Amino acid sequence: MKHFEANFDGLVGPTHNYAGLSFGNVASLNNAAATSSPKDAAKQGLQKAKALAELGLVQGMLAPQERPDLHTLRRIGFTGTDAAILNKAAKEAPALLRACCSASSMWTANAATVSPSADTHDGKLHFTPANLVDKLHRSIEPTTTGNILQATFNDSRFFKHHQHLPEHASFGDEGAANHTRLCSEYGHAGVELFVYGQEATNPQAPKPQKFPARQTLEASQAVARLHQLDDEGTVYIQQNPDVIDQGVFHNDVIAVGNQNVLFYHEQAFLNTQEKLAEIQRKFGDSEVHFIEVPTSKVAIQDAVKSYLFNTQVVTLPSGEMAIIAPTNCQENPAVFAYLNELVTLGTPIKQVLYFDVKQSMQNGGGPACLRLRVAMNQDEVAAVNQHTLMNDALFARLNQWVDKHYRDRLTVADLADPQLVIESRTALDELTQIMKLGSVYQFQR
Ligand SMILES: NCCC[C@H](NC(=O)CCC(=O)O)C(=O)O
């Protein structure tokens, strides 16, 4: 049977804006209150997704969430018509209104953790939506994320959907941004790496001093239990707290893996040598390519600015690997030089392809943040909701849909505009018909 690693990219929602909501995420804070372009953001994302489909990869799209989130605003006591609620919230609690308007579900690396059927005891593909409790604007995503995942992977013979973990800091879970899977072939059992920022139940353990560690060991272990993973196929690694304090808010800002390649920065982890040895032992006889980028070549600051590690390492149909990088990597001299050298080093990575995803990058989301990886066999791919898979027709249809419904410009002040609610709901209602998702949104229920 054939096996694939599919990428499901988050379609950028109509309220994409820069609200400075993510303490610890340098780009989000630096671009607070900048003017965004929801239309450009959505089109940049679609271009990248379409390009990967054209490279011969299985590529899907995940629908965005309903924002402004009137449901949450009502839940916290705002009453009256939608317009009255927005007006009151803008005056009395502008920070809460901003949290209810983010298009942050576009970063689907944070949508869920996914374990392919080759790794799980029951032979099903498991999904656990991330609870994202560290950030208010993201903590309101998981229920709808679960609805969208179920509408996309809607066949219980193959797919097992779990509820998100309990909504408490002890179980802070950011999904696949802190999870990567190494394997010899996508269809063979692999080694799942869970990278966490702190141990919630052990106050003595190391943790960052300045910025939050969003992922706990306890959350990672809970997901591994839910997904019925074998201890021999699982490795827990602590992220270096010093790099979290330098703006590495998720592991996928400092490391990325694909098949037998782990590409990471020298300072990414704690106890690196011991952990690499454990990975190699659990991986088995064939060799893992550990591509370590030294600080002398790329400083942490350059990695954070350029998102060198928030790249997608993909296996092309030829068997060679390519890196899907943001154009920001071309603009950083040290990083660009490193990438030019990397393709000559004799590792499986043979080429670098650059994409402009600047609208997303300005909020701290690179190519890897925009996608959720789902390794599947051909029966599982056939069981996916086919209307979510990228092809010429869906690409054309979604571009048209964006042109019809999205604004060219959006400022934080525009978030109180009641017209934005109407535009957003009209767009999403049409989208659920295009992607045949059923009623996944509150306003449709
Ligand atoms: N994986 C990348 C996630 C980026 C995301 N940024 C944001 O939510 C910024 C939103 C804003 O500031 O408007 C985050 O930090 O979780």
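Conventions and cut-offs
- Residues numbered from 1 in each chain as written.
- Predicted model: local features only at pLDDT ≥ 70, side-chain atom pairs only at ≥ 80, totals over all residues.
- Heavy atoms only, no water.
- UniProt positions renumbered as here; feature names shortened; annotations may be inferred.
- 1 Å grid on protein atoms, 1.4 Å probe; cavity = no way out; pocket = protein on both sides within 12 Å on 5 of 7 lines; lining within 4 Å.
- Helix = DSSP H or I, 4+ residues; strand = E, 2+ residues; numbered from the N terminus.
- Buried < 20%, exposed > 50% of the residue type's maximum accessible area, 1.4 Å probe, protein only.
- Contact = heavy atoms within 4.5 Å.
- Core = buried A, V, L, I, M, F, W, Y, C linked by side-chain atoms within 4.5 Å.

Asks: Run through the UniProt feature "active site" (unreviewed entry) in the protein, naming residues and quoting values.
Replies: Under the local residue numbering, the UniProt record ascribes the feature "active site" (unreviewed entry) to Glu174, His250 and Cys369. For the annotated residues, spread through 196 residues, the largest C-alpha to C-alpha distance comes to 11.1 Å, consistent with a single compact locus. Restricting the annotated residues to those that line the second largest cavity leaves His250 and Cys369. Here Glu174 shows up in the loop between β5 (159-161) and β6 (179-182). In this structure Glu174 comes out as buried when scored by relative accessible area, which is 1%. Residue placement: His250 occurs in the loop between α9 (241-244) and β9 (255-258). Given a relative accessible area of 1%, His250 falls into the buried group. Apart from the residues lying within four places of it in its own chain, the contact partners of His250 are Asn110, Glu174, Ala177, Asn178, Arg214 and Gln239.

Asks: Break down the nonpolar core for me, citing the residues and quoting the values.
Replies: Within soluble globular proteins, side chains that are nonpolar tend to cluster in buried spots. Ranked by size, the top nonpolar core spans 75 residues in total, and within it Phe8 and Met376 carry the most contacts. Among the elements that line this core, the one with the most residues is helix α16 (residues 392-405), at 5 residues. The residues contacting Met376, other than those within four sequence positions of it, are Lys2, His3, Phe4, Ala6, Phe8, Leu125, Phe153, Phe159, Val381 and Val384. Grouped together as the second largest cluster of nonpolar side chains are 20 residues, Phe309, Cys329, Leu342 and Val352 included.

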